[in-house]
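# Notes for the structure review
What follows is each chain in one-letter form.
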Amino acid sequence: MYSDVTENYKRVRFNVEEAAAKYRNPGETVRLMAVTKTVPYEVVNKVIGLGADLLGENRVQEYLEKKDNYQDAEVHFIGHLQTNKVKYIIDSVKLIHSVDSIRLAEEINRLAAQKNIVMNVLAEVNIGGEESKSGVSPDRLEELAYGIAELENIKLCGLMTIPPPGNSEAYFAKMQELFHELGSKKIYNISMDILSMGMSADYVEAIKYGSNIVRIGSGIFGARK
Ligand SMILES: *Cc1c(COP(=O)(O)O)cnc(C)c1O
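Rules behind the numbers
- Residues numbered from 1 in each chain as written.
- Predicted model: local features only at pLDDT ≥ 70, side-chain atom pairs only at ≥ 80, totals over all residues.
- Heavy atoms only, no water.
- Helix = DSSP H or I, 4+ residues; strand = E, 2+ residues; numbered from the N terminus.
- Rg over C-alpha atoms; globule rule 2.2 N^0.38 Å.
- Buried < 20%, exposed > 50% of the residue type's maximum accessible area, 1.4 Å probe, protein only.
- Contact = heavy atoms within 4.5 Å.
- Areas by Shrake-Rupley, 256 points an atom, 1.4 Å probe, with all protein chains shown as cover.
- Salt bridge = Lys/Arg side-chain N within 4 Å of Asp/Glu carboxyl O.
- Near = heavy atom within 4 Å.
- Polar contact = N/O pair within 3.5 Å; in protein donor to acceptor, adjacent residues only side chain to side chain.

## So, the overall build of the chain
Within the chain, the regular secondary structure consists of nine helices and eight strands. The C-alpha radius of gyration of the chain comes to 17 Å, within 12% of the 17 Å expected for a compact globule of 225 residues. Dimensions of the chain along its principal axes, counting C-alpha atoms only, are 45 × 40 × 35 Å. Considering the chain as a whole, with its 225 residues, one finds that 51% of them fall into the buried category. Long-range contacts, defined as pairs at least 24 residues apart, comprise 61% of the intrachain contacts of the chain with a sequence gap of at least 6. Of the accessible surface of the chain, which amounts to about 11,000 Å², a share of 46% is contributed by carbon and sulfur atoms.

Below, the structure is given as structure tokens:
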């Protein structure tokens, strides 16, 4: 296991750069996130050594067990987050991609206020309207955005999605539209800078539709058990 990580990482890196050059304006950057769930810290450190500077964490407990062993990299939280777990991650992650309710936003805001920081977050959108998935539905996104805008210690910086399996491209196009729509409203205290979408199977398509963070797990580390 993990014998192909170096090769995989370099290939994904190349593909991301190639897609960015093909589909995006010069100067627009697309960040490559290495998604670390189930991967031992030694292997994560190997890709950091190859130049990976952004890690995505899904599981609070697993992250807490590994984080002190990671070499230097920026960490984002991308998994479903329970309100009672926010306290464990708020000090060490730079961006939370998975805010999908005002209740969660309020808890992040409360803890951030105690620490005198402003926590950056993305709103996770359930773009396929799937019952089994977390995320705010597209027709309630604006309400959530206005709600977050009123909180002083949390800042909404963009959107994240995990589309239904299959035809990602149509969903990415919808997300791009939502992203621009919400951005054009110029809501006080929010900015639409980050569009986090695209995983191992569909990151090239995501880049085509404006993604600027692609989240890659199995494409770098191999299939998870
Ligand atoms: C696991 C995961 C990924 C990466 O998925 P792969 O298909 O392995 O690239 C990306 N985003 C989130 C939120 C995930 O949970």
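Still to come is the rest of the account.
## Notes on the pattern of salt bridges
A full pass over the atoms with the stated rule returns 14 salt bridges. Measuring nitrogen to oxygen at the nearest pair gives 3.9 Å for the salt bridge that ties Asp53 to Arg31. Of the two residues, Asp53 sits in the loop between helix H2 (41-49) and strand S2 (54-57) while Arg31 sits in strand S1 (residues 31-35), which places them 22 residues apart along the sequence. Judged by relative accessible area, Arg31 falls into the partly exposed class, the value being 27%.

## What to know about the site of the ligand
Taken together, Val35, Lys37, Asn58, Ile78, Ile162, Met199, Ser200, Arg215, Ile216, Gly217, Ser218 and Arg224 are the residues near the ligand. For the ligand, an oxygen atom lies 2.5 Å from a polar atom in the side chain of Ser200. Take Ser218: an N or O atom from its main chain is 2.8 Å from an oxygen atom of the ligand. In the complex, 88% of the free accessible area of the ligand, which totals 380 Å², lies under the protein chains.

## Topic: the side chain of His76
On the secondary structure map, His76 appears in strand S3 (residues 74-77). Separated by 2.7 Å, the side chains of His76 and Glu74 make a polar contact. Non-local contacts of His76, meaning those with residues more than four positions away in its chain, are made with Met33, Leu54, Leu55, Gly56, Glu57, Val93, Lys94, Leu95, His97 and Ile213.

## Things to note about the side chain of Ser211
Note that Ser211 resides in the loop between helix H8 (203-208) and strand S8 (213-216). What Ser211 contacts, discounting residues up to four positions off in sequence, is Arg24, Val30, Leu195, Met197 and Ala206.

## Side note on the environment of Lys22
Within the fold, Lys22 resides in helix H1 (residues 5-23). By relative accessible area, Lys22 is classed as exposed at 62%. The spatial distance from the C-alpha of Lys22 to the C-alpha of Val39 is 31 Å, given a sequence separation of 17 residues. Of note is the side chain of Lys22, whose polar atom sits 3.5 Å from the side chain of Tyr23.

## Re the environment of Asn153
For Asn153, the location among the structural elements is in the loop between helix H6 (141-149) and strand S6 (154-161). By relative accessible area, which is 15% here, Asn153 ends up buried. Considering only alpha carbons, one finds Asn153 and Ala112, 41 residues apart in sequence, at a separation of 5.7 Å. Not counting the four nearest positions on each side in its chain, Asn153 is found in contact with Asn109, Ala112, Ala113, Ile117, Val118 and Met119. Reaching out from Asn153, the side chain makes a polar contact with the backbone oxygen of Ile117 at a distance of 2.9 Å.

## Side note on the environment of Leu151
Within the secondary structure, Leu151 is located in the loop between H6 and S6. Discounting residues that sit within four places of it in the chain, Leu151 has contacts with Ile102, Ala105, Glu106, Asn109 and Asn189.

## Remarks on unusual backbone geometry
Positive phi is not limited to glycine here, since Tyr2 has a value of about 70 degrees. If you trace the backbone, Tyr2 turns up in the segment before H1. The phi dihedral of Thr38 falls on the positive side, at around 70 degrees, and the residue is not glycine. When its relative accessible area of 36% is taken as the criterion, Thr38 is described as partly exposed.

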